[in-house]
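Each chain is listed here by its residues.
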Amino acid sequence: MLPPASPFLPASPFIMSSAAPSYAFATPFQTPAASPIRSLMSYAMRPGSISMAGGYPAQELFDIDGLTTASNQVLARLGACLQYSNIDGQASLRAELARLTAERGLARDPDTELAVTGGSQQALALISRVMLQPGDHAFIESPAFPNSVQALRYTGATVHPVASGPEGIDVDALDEMAARLKPKIVCVVASFSNPCGATISRQRRLRLLELAVKHRFLIVEDDPYGELRFSGEQVPPIAALAEGEARHWAVYISTMSKTMAPALRIGWLVAPAEVRRRCVGAKAADDMASSAWIQEVVAQYLANGRYQQHVPRIRAAYGARCDALAQALHKYLDGRVAFRKPEGGMFFWVRLNGEADATRLLPYAIEQGIVYVPGKAFYADPQQADLNAMRMSFATMNEGLITQGVERLARALDACEANAPVSVSLAA
C-alpha cells in the first residue's frame, strides 16, 4: 500500500498505474509462443530424471585440455584480443573456418564469401533478415527445429512447411509449391536433421539445386551435425555440389556448438558475396561483432590441430550411444514403436504404434523419470503434426542410462495404455 500523499508535496508523477499498457508490438511479436522444448527443462533437471529432451552435446566429452591450451596461448597476447573484432570476424578465424569448410568439400574465399556469426542460429536470422520482408514467402522442411521457423517468421514473411520424411524434404512437393508461391528461401538440415535424424541423398541434393535455379530461391543448408557421422557414406554439403549458376543460389551455415562447445557461440556462414556483404551489415546492427577473444581461442584451437583429434572421439561416443538407444528400443518396446536408426547426429524420431499419442504419454513418462519432446513441437503448422511421434536425444547419456531410460518409457507406456492415474499435470 502506498503512503498517504503529503499535503506539502505535489503528487509524484512516477506512481505507476496498475493497468498494463497497451504496447504496439510488431506483428510477429504480438503473441510470442513459449518454447515447447524449454518448457520441459524443469522436469528434465529433476534429480534422478533421465532427459532425452534437449539437443545438447555431452558435457563430459568437451575437450577441456585442448580449449585450456588454446585459451592460455591467447592469454599470452590478450591485449591484442580485447578490441572490437571485424564485423565479419577475426581474419585468423575466417582463415581456419575456410580451411575446415574446404575439408567438407566447400572451398570459398574467407574474405568475400565467409563470415563469423554468433552460432548458426544468428547466421540463419541474418540471412532471413536480408532476404525476407512482409509479403514474401519462405519454405522450411516439416518437421523442423522451432527456432529456425521463428527466425523466418520474425521477418514478417509467410512461412510454409514442406513435408519431410526419412529421406529428407519432399522435392516433388517443393517443386509444385515453389511454382505457385515463389519462395525466396528454402531451409533444410541436410545431414541428420533435427528432429528426424534424416539425411538427404546426393541425388536429392542435386535435385534441390536444380529447383533453386529453376525457381530462383536461395537454399539455406544448416549443418550443425554433419561432422557427427558414425555410419554410412559421407555426403558433401549442398553448396559443395553446386556448379555454374547453382553456386549463386546455395548458402551453407554451420557451428561449433555441437562439436566444440555451445558456450563459445561461434558459427559461420558461407554465401555468395552480395548475400554475405548484406549479412555483415545486418550483424553490425545486431551486436557489432562476435567476441574477438573467443574467436581467437577457437582459431588457435583449430590451428593446434585439436579439432581434428577431438571430433573422432565424440563421433565414436555418439555412435555407441546411438547403438544403445536402438538396442534398448528393440528390447523394451519392440512392436510398440517404429523408428529408423540415424547414421549420425543426436536424434531418433520415434513413433508410437498404439492408440496413445506422445503428448498423452508424456506425463506418465515424467512420472517414471524419463523426458522426451513430443513430435508436435516441431511442426510449423499444427494441423500437420504427427501426434504419435517423439524426438529422443541420445547425446548426453552413457549407454547404461539410455537403457534405463527406455525401460522407464516402457513402464510409462504400460501405465498410459491402462489409463492409470498419473501425478504429473502438464499445461495444454
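Residues numbered from 1 in each chain as written. Predicted model: local features only at pLDDT ≥ 70, side-chain atom pairs only at ≥ 80, totals over all residues. Heavy atoms only, no water.

A few points about the domain arrangement of the protein chain
It is common to give the size of an interface as the accessible area lost on bringing the parts into contact. Using the following cut-off: Residue ranges assigned to each domain were obtained from an automatic or database domain assignment. Should any heavy atoms of two residues lie within 4.5 Å, those residues are counted as being in contact. Accessible area, probed at 1.4 Å, shrinks when two parts are joined; the buried area is that loss added up over both. For salt bridges, the criterion is a side-chain nitrogen of Lys or Arg within 4 Å of an Asp or Glu carboxyl oxygen. Strands are runs of DSSP state E lasting at least 2 residues, helices are runs of H or I lasting at least 4, and numbering of each runs from the N terminus. In this classification, Asp, Glu, Lys and Arg are treated as charged, Ala, Val, Leu, Ile, Met, Phe, Trp, Tyr, Cys and Pro as nonpolar, and every other residue, Gly included, as polar.
By the assigned domains, the protein chain splits into domain 1 (35–55 + 309–418) and domain 2 (64–304). Tallying the contact residues gives 26 residues for domain 1 and 26 residues for domain 2. Taking both partners together, domain 1 and domain 2 bury about 2300 Å²; carbon and sulfur atoms supply 61% of that area. Where domain 1 touches domain 2, the interface holds 3 salt bridges. A salt bridge links Glu167 to Arg340, with the nearest nitrogen and oxygen atoms 2.8 Å apart. Those elements that provide at least two residues to the side of domain 1 that touches domain 2 are α10 (306–333) and β11 (347–352). Sort the elements by how many residues they give to the side of domain 1 that touches domain 2 and α10 lands first, with 7 residues. Each residue belonging to the side of domain 1 that touches domain 2 can be placed in one class, and the counts come to 15 nonpolar, 6 polar and 5 charged.

Some details on the nonpolar core
Rules: The criterion is simple. A nonpolar core is a set of buried Ala, Val, Leu, Ile, Met, Phe, Trp, Tyr and Cys residues joined through side-chain atoms within 4.5 Å. In this scheme, a residue with accessible area under 20% of its type's maximum is buried, one over 50% is exposed, and one in between is partly exposed, where area comes from a 1.4 Å probe on protein chains only.
One finds Ile185 and Met256 to be the most contacted residues of the largest nonpolar core, which totals 78 residues. Residues within four places of Ile185 in sequence aside, it is in contact with Ile127, Ser128, Met131, Leu132, His137, Ala138, Phe139, Leu152, Phe217, Leu218 and Val220. Counting residues in each nonpolar core, the second largest holds 63 residues, with Ala326, Tyr364, Ala385 and Ala412 among its members.

Overview of the UniProt feature "domain: Aminotransferase class I/classII large" (unreviewed entry) in the protein chain
To keep things clear, this is the line we draw: UniProt positions are given in the numbering used here, feature names are shortened, and annotations may be inferred rather than shown by experiment.
The sites that UniProt annotates as "domain: Aminotransferase class I/classII large" (unreviewed entry) are residues 71–409. The straight-line gap between the two end C-alpha atoms of residues 71–409 is 42 Å; of that span, 41% is helix and 17% is strand.

Description of the environment of Lys341
Cut-off, in case you're wondering: Two N or O atoms form a polar contact when they lie within 3.5 Å of each other; inside protein one atom must be a possible hydrogen donor and the other a possible acceptor, and for residues adjacent in sequence the pair counts only when both atoms belong to side chains.
Positionally, Lys341 belongs in the loop between β10 (337–339) and β11. As for Lys341 and Ala198, which are separated by 143 residues in sequence, their C-alpha atoms are 9.3 Å apart. There is a polar contact of 2.5 Å between the side chain of Lys341 and the side chain of Asp323.

Some words on a nonpolar patch on the surface
Rule in force here: Only residues above 30% relative accessible area that lack a salt bridge enter a patch, with like-charged residues linked at up to 9 Å and the nonpolar side chains Val, Leu, Ile, Met, Phe, Trp and Tyr linked at up to 5 Å. Residue exposure ignores everything except the shown protein chains as possible cover, and the areas themselves are Shrake-Rupley values with a 1.4 Å probe.
A grouping of Tyr23, Phe25, Phe29 and Tyr154 is seen on the molecular surface, where their side chains present a nonpolar patch of about 450 Å² in accessible area. Tracing the backbone shows Tyr154 in the loop between α5 (146–153) and β4 (158–165).

A closer look at the pairing of β11
For clarity, the cut-off: Pairing between strands is defined by DSSP: at least two bridges between the two strands are required.
Counting buried residues along β11, 5 of its 6 residues qualify, which places the element largely inside the surrounding structure. Direction of pairing for β10 relative to β11: antiparallel, over a ladder of 3 bridges. Residue pairing across strands places Phe339 opposite Val350, the latter belonging to β11.

Overview of the packing of helix α2 (residues 64–75) against helix α9 (residues 292–303)
Packed helices, taken two at a time, are described by the angle their axes make and the gap between the axes. Where we set the bar: Here, axes are lines fitted to C-alpha atoms. For helices the fit covers the stretch in contact, and angles between N-to-C directions go from 0 to 180 degrees. For classification purposes, angles smaller than 35 degrees are called roughly parallel, those larger than 145 roughly antiparallel, those between 65 and 115 roughly perpendicular, and all remaining angles oblique. Less than a right angle of anticlockwise turn of the near helix away from the far helix marks a crossing as left-handed, whereas a clockwise turn marks it as right-handed.
Contact geometry for α2 and α9: axes closest at 8 Å, N-to-C directions at 120°. Judged by the angle between their axes, α2 and α9 are oblique. Seen along the crossing, α2 lies across α9 with a hand that is right-handed. Contacts between α2 and α9 involve Gly66, Leu67, Ala70, Ser71, Gln73, Val74 and Leu75 from the former and Trp293, Glu296, Val297, Gln300 and Tyr301 from the latter. Class assignment for the residues of the contact of α2 with α9 results in 7 nonpolar, 4 polar and 1 charged.

So, the environment of Ala317
Counting through the fold element by element, Ala317 comes out in helix α10. On a C-alpha basis, the gap between Ala317 and Leu409 in space is 23 Å, while along the polypeptide they are 92 residues apart.

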